[in-house]
Amino acid sequence: MLRDITLGQYYPTDSVLHRLDPRTKLFGTMIYIIGLFLCKSWIEYGIAAAALAVMIILSRVPVSFMFRGLKAIAILLLISVVFNLFLTDGEIWIKIGFLRITYEGLRLAGQMAARLICLVIGASIMTLTTTPNALTDGLERSLGFLKVIRVPVHEIAMMMSIALRFIPILIEETDKIMKAQMARGADFENGGLIEKAKAMVPLLVPLFISAFRRATDLATAMEARCYHGGEGRTKMKPLKYNARDYAAYIIVIAFLVLLILIR
Amino acid sequence: MIEVNKITYDYIVRDENDEIEDSVRAVNEVSLNIAQGEFICVLGHNGSGKSTLAKTLNAILLPTFGEVLVMGMNTRDETCTLEIRKNVGMVFQNPDNQIVSNVVEEDVAFGPENLGVPTEEIIARVAKACERAGIAEKRMMSPNQLSGGQKQRVAIAGVLAMHSKCIVLDEATAMLDPIGRKDVMRTLISLNKEDGITIVLITHYMEEAINADRVIVMDQARIVMEGTPKEVFSQPERIRRYGIDVPQVTELAEALMKRGVALPKGILTTEELISELKNRKA
């Protein structure tokens, strides 16, 4: 299951989207999400989906990668569709026993599904085309103004990028511990929910211990490499806006204006 | 370049009330002088204090008693800490736990970034460091796609990019396979010979020690032997008492000598043994 999450999984190719400044992509994704929530009619959803399709083509990332992120929200998707389908009042379309589906429910469920799918794919496009480091750099720079109210922006960005770096390592480690315990007769597959949860305890304890040990090691290694917080730090790849970034800003804003005008 | 002056280091175990419960002396009155351009190998079995000694060399640990001077700067002086760490770089045991970034070249740039080096110079330094460490073609890859030996060379490149004059390797080869170990050793030897970088190699592989200018053997928190690899390994009985082995070739030569084959003491490499055996025949 953990392997299915595409968030934070960079897919290296050399597309226009890859070369955009991470701040542009963050802003663009944010505007896209706001746009999605403004959508009311199917025409608007059509425009949003078309925009997404253009982005997928521009990104040159295989479409299967985009949809991999959907697996992680499959259950959420199912629940929200079912609830909207059966619990919306309105003109009845089909009635089976106490269950009834209304036209409004059908529409709401469909739009909710479309919204969630576009949301996840939209966010995936950003993470697939941006290296985690560029992403945290972008966040650090975009949210720099929060430093005034003493939010440790640099530290948070650093923690995020380190977390992203260690996700695959910890997944591998979980796998190793699981196999070691299965070799000694541990059972992770059978039994009810409670038994399964109980079986996780002996898995989590060694995982946490190892994670703490890694954290200590990494802290020492970072100190040995002269890390002393964000002050006086320079960048190998400082963020710089290019012509294509300004163009992207204009397109994104035009997209939002179009959606608002159509309403 | 580095002057270690009678240092002692105690690990202190405290109970909940912050009272001292127990203390372990990891390093006991050790003195050591490391000259610029030297290749030093520190040997010792587990718990002999060699890693603790290494960590005092760049102010990660401060000695309980005594002083460490790096190019004249005392490691106790906090205003010098950055300058000391810039000059004495360190590579640790676990390759995964010292790589900060998701892209090789960005990780190599981490040190110079912390030092506030201007962007253009960082790019130049990173290119050169990757070249020297032999990972130039891996620059754009993720560290997760590299082998252990390659990851350690990324760490070495990270130190080189800070323009360190000395690299301390704290059992950096312990988790590597034989090929990875060989690659790392080859890189270190060339850095030492061609660029004059001081190397302090902490290890328990004897084969690595034969490349050093000086071998230091530690046991029970003290330095017990010191000398060229030849001097140290020509006393196999004594070394074994400190819980470490001699290189396999040396062991073979020793066994031959016991069987009555006349050989000189302290043979360290296969080539040496072969030529000695050939000479005997002639």
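What counts and what doesn't
- Residues numbered from 1 in each chain as written.
- Chains lettered and ligands numbered in written order.
- Predicted model: local features only at pLDDT ≥ 70, side-chain atom pairs only at ≥ 80, totals over all residues.
- Heavy atoms only, no water.
- Helix = DSSP H or I, 4+ residues; strand = E, 2+ residues; numbered from the N terminus.
- Expected span 1.5 Å × (residues − 1).
- Buried < 20%, exposed > 50% of the residue type's maximum accessible area, 1.4 Å probe, protein only.
- Arc of directions from axis to C-beta.
- Phe/Tyr/Trp six-rings, centres within 6.5 Å; stacked < 30°, edge-to-face > 60°.
- Lys NZ or Arg CZ within 6 Å of the ring centre and 35° of its normal.
- Contact = heavy atoms within 4.5 Å.
- Buried area = accessible area lost by both parts, 1.4 Å probe.
- Salt bridge = Lys/Arg side-chain N within 4 Å of Asp/Glu carboxyl O.
- Nonpolar A, V, L, I, M, F, W, Y, C, P; charged D, E, K, R; others polar.
- Pairing = 2+ DSSP bridges.

Peer 1: If you had to explain helix α5 (residues 74–86) of chain A to someone new, which residues and values would you point to?
Peer 2: All names here are of chain A. The terminal C-alpha atoms of α5, which comprises 13 residues, lie 18 Å apart, in line with the 18 Å expected from a rise of 1.5 Å per residue. If you check which residues of α5 are buried, you get L77, S80, N84 and L85. Relative to the axis of α5, the buried residues are bounded by an arc of 130° and lie together on one face. Of the exposed residues in α5, the ones pointing more than 90 degrees away from its buried face are I75, L78 and F83.

Peer 1: Would you mind going over the packing of aromatic side chains in detail, with residue names and values included?
Peer 2: On inspection of all chains with the given rule, the structure shows 10 aromatic pairs over all chains. Pairing Y9 of chain B with Y11 of chain B gives two aromatic rings, centres 5.0 Å apart and planes at 70°, and the pair type is edge-to-face. A connected cluster of aromatic rings, assembled from ring pairs, spans F27, Y241, Y246 and Y249 of chain A. The ring of Y205 of chain B carries R181 of chain B above its face, with NZ or CZ at 3.7 Å from the centroid.

Peer 1: An account of the interface of chain A and chain B is requested, with residue identities and associated values reported.
Peer 2: A common way to report how large an interface is uses the accessible area buried once the components associate. Opposite the 30 residues of chain A that make contact, chain B presents 37 residues. Roughly 3000 Å² is buried in total at the junction of chain A and chain B, and carbon and sulfur atoms are behind 53% of that figure. Its largest share of buried area at the contact with chain B, chain A owes to R165, R225 and M236 of chain A, together 31% of the area lost on that side. The tally of links from chain A across to chain B stands at six salt bridges. The partner of R233 of chain A in a salt bridge is E113 of chain B, and the shortest N-O contact between them spans 3.1 Å. Breaking the side of chain A that touches chain B down by element, the ones donating at least two residues are α7 (132–142), α8 (153–183) and α9 (193–224) of chain A. Class assignment of the residues belonging to the side of chain A that touches chain B gives a composition of 15 nonpolar, seven polar and eight charged.

Peer 1: Please set out the pairing of strand β2 (residues 99–102) of chain A residue by residue, giving values where relevant.
Peer 2: Along any regular strand, the residues point their side chains to alternate faces of the sheet. Across four bridges, the pairing between strand β1 (residues 92–96) of chain A and β2 of chain A is antiparallel. Its bridge partner lying in β2 of chain A, I92 of chain A is registered against T102 of chain A.

Peer 1: Now, about the environment of D89 of chain A: what can you tell me, with residues and values included?
Peer 2: Residue and element names in this part refer to chain A. Here D89 lies in the loop between α5 and β1. Sequence-wise, D89 and A211 are 122 residues apart; in three dimensions their C-alpha atoms are separated by 50 Å. Contact partners of D89, with chain neighbours within four places excluded, come to R100, T102 and E104.

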